Every structure is written in C-alpha cells, then in structure tokens.
Amino acid sequence: MITGYDHVELVAGSGMAHVKAFLERVQKHWADMLLAIAPGDFEPALRILPALPESKGDILVARDKEMIRRWDKDGYHLHRGEGPFSVLYEPMGTAQIKTTLLQDPYGPSDYKFTPYEATLLGRNISLITLVLPDEGSGFSRKLIQEFESATPGSRHFD
C-alpha cells in the first residue's frame with residue numbers, strides 16, 4: 001500500500017511550532033531520525049528541525065536509512081511494528097468552517113452526548129495532517145497520542 005491514512009488536526013497558532021514540538025518528542029524514541037522537507041533529501045533531524053518552513057511544510061519522517069529504503073519500495077508500510085510517516089501543515093484557508101462535534105466540547109457530564117454540527121470561527125488556525133501507515137495500529141495511535149500531547153494547551157476528556 002503506497003498511500004497512508006490521513007489524520008487531521010486543527011490547532012491554534014503556528015502549525016510549524018506544533019509540528020516541531022511533536023517531532024522533538026518522536027526523536028526521543030528514534031535517536032537517528034531522518035527528516036526531509038519535501039521534495040528535498042533526507043537529513044538528520046537535528047539539521048532539519050531548526051529549518052522547518054514557517055507557514056507551510058510537508059515533512060517526511062523515517063527512523064533510519066533502512067526505513068527510507070522500504071518506504072521507496074513499499075510506501076507507508078509497517079515493518080516490525082513501525083513505519084514511515086509524514087506531517088503536512090499550513091494555515092487554515094478560511095476563518096470559518098462547518099464541522100460535526102463527535103464528543104462533548106464542554107467536557108464529561110452525566111448526560112448522553114449526541115453529535116451535532118458546529119461552526120469553527122477564528123483566525124490563526126493551522127491545519128495539520130499526519131499521514132500514517134494505517135488507521136488502527138498501535139504505532140499510528142501512539143503517533144497521534146504523541147502529537148496531541150505535544151500540542152500546547154491540549155485538553156483531553158477521554
């Protein structure tokens with residue numbers, strides 16, 4: 001499978017700052033992590049992280065050279081429980097977007113929650129897409145958890 005699973009997050013502020021904080025967390029697990037600012041070449045994360053584009057970026061992420069080789073051959077594929085992924089970020093193209101709330105934005109309560117439509121209004125909102133190997137593996141879930149934990153001011157109700 002060449003294509004990956006897209007997981008989208010909307011965040012307040014600079015997409016680059018959120019992505020950088022996330023990648024720094026991943027680097028704690030992948031000490032030799034390699035990054036490429038697409039369509040560029042892979043380089044050590046320590047060289048690429050300070051050079052992330054400010055407003056819009058497409059970052060390819062691999063644990064090592066072997067993972068890059070497999071990515072070229074197999075795409076977003078898990079090998080031994082891990083796989084390559086990418087992170088795309090840019091400012092949201094509109095100050096207003098319709099959405100469906102799937103969890104209660106007010107937090108836990110004793111009442112049954114039913115999803116409903118809402119409108120997200122605001123400026124300085126960034127759209128971040130994690131392109132992961134799949135939707136349900138422990139690896140993909142862990143990356144989503146790491147991203148959300150790295151996001152300043154995130155609040156979880158789970």
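Refer to the structure above for everything that follows.
Residues numbered from 1 in each chain as written. Predicted model: local features only at pLDDT ≥ 70, side-chain atom pairs only at ≥ 80, totals over all residues. Heavy atoms only, no water.

(A) Representation of the nonpolar core within the structure. Ranked by size, the top nonpolar core spans 33 residues in total, and within it F22, L23, L35 and F85 carry the most contacts. Not counting residues up to four positions away in its chain, the partners in contact with F22 are F85, V87, L130, L143, E146, F147 and A150. (Core = buried A, V, L, I, M, F, W, Y, C linked by side-chain atoms within 4.5 Å. Buried < 20%, exposed > 50% of the residue type's maximum accessible area, 1.4 Å probe, protein only. Contact = heavy atoms within 4.5 Å.)

(B) Expanded view of the environment of K112. Here K112 is to be found in the loop between β6 (96-101) and β7 (116-121). Here K112 falls in the exposed class, since its relative accessible area comes to 78%. As a C-alpha pair, K112 and I128 span 16 residues in sequence and 30 Å in three-dimensional space. (Helix = DSSP H or I, 4+ residues; strand = E, 2+ residues; numbered from the N terminus.)

(C) Structural context of helix α4 (residues 138-150). Taking 1.5 Å of rise per residue, 13 residues should cover 18 Å, and α4 covers 18 Å from first to last C-alpha, within 8% of that figure. Within α4 the residues assigned to the buried category are F139, S140, L143, I144, E146, F147 and A150. Burial along α4 is one-sided: seen end-on, the buried residues are contained in an arc of 160°. On its buried side, α4 packs onto β1 (5-12), α1 (15-27), β5 (85-91) and β8 (125-132). (Expected span 1.5 Å × (residues − 1). Arc of directions from axis to C-beta.)

(D) Region of the structure containing the side chain of T151. Looking at the element boundaries, T151 is found in the segment after α4. Relative accessible area serves as the criterion here: at 12%, T151 is assigned to the buried category. Here the side chain of T151 touches F147 through a polar contact of 2.8 Å, landing on its backbone oxygen. (Polar contact = N/O pair within 3.5 Å; in protein donor to acceptor, adjacent residues only side chain to side chain.)

(E) A nonpolar patch on the surface, seen in detail. There is a patch of nonpolar side chains on the surface, built from L10, I97 and L120 and spanning about 200 Å² of accessible area. Position of L10 among the secondary structure elements: in strand β1. Its relative accessible area of 39% is what places L10 among the partly exposed residues. (Patch = residues over 30% accessible without salt bridge, like charges linked within 9 Å, V, L, I, M, F, W, Y side chains within 5 Å. Areas by Shrake-Rupley, 256 points an atom, 1.4 Å probe, with all protein chains shown as cover. Salt bridge = Lys/Arg side-chain N within 4 Å of Asp/Glu carboxyl O.)

(F) Spotlight on the packing of aromatic side chains. A full pass over the atoms with the stated rule returns seven aromatic pairs. Pairing F22 with F147 gives two aromatic rings, centres 5.5 Å apart and planes at 70°, and the pair type is edge-to-face. Highlighted residues: F22 in helix α1 and F147 in helix α4, separated in sequence by 125 residues. On the numbers, 6.0 Å between centres and 15° between planes, the contact of W30 with F139 is stacked. With W30 in the loop between α1 and β2 (34-37) and F139 in helix α4, the pair connects residues that are 109 residues apart, well separated along the chain. Connected via pairs of aromatic rings, a cluster forms that spans F22, W30, F85, F139 and F147. (Phe/Tyr/Trp six-rings, centres within 6.5 Å; stacked < 30°, edge-to-face > 60°.)

(G) Structural view of the environment of K142. Locating K142 in the fold gives a position in helix α4. Sequence spacing of K142 and M33 is 109 residues, and the spatial spacing of their C-alpha atoms is 16 Å.

(H) Local environment of unusual backbone geometry. Residue P39 follows A38 across a cis peptide bond; omega there is 10°. Mapped onto the elements, P39 comes out in the loop between β2 and β3 (43-44). Notably, R80 is not glycine yet its phi reads approximately 55°, a positive angle. On the secondary structure map, R80 appears in the loop between α3 (65-74) and β5. The exposure class of R80 is exposed, given its relative accessible area of 77%.

These figures capture arrangement, not role.
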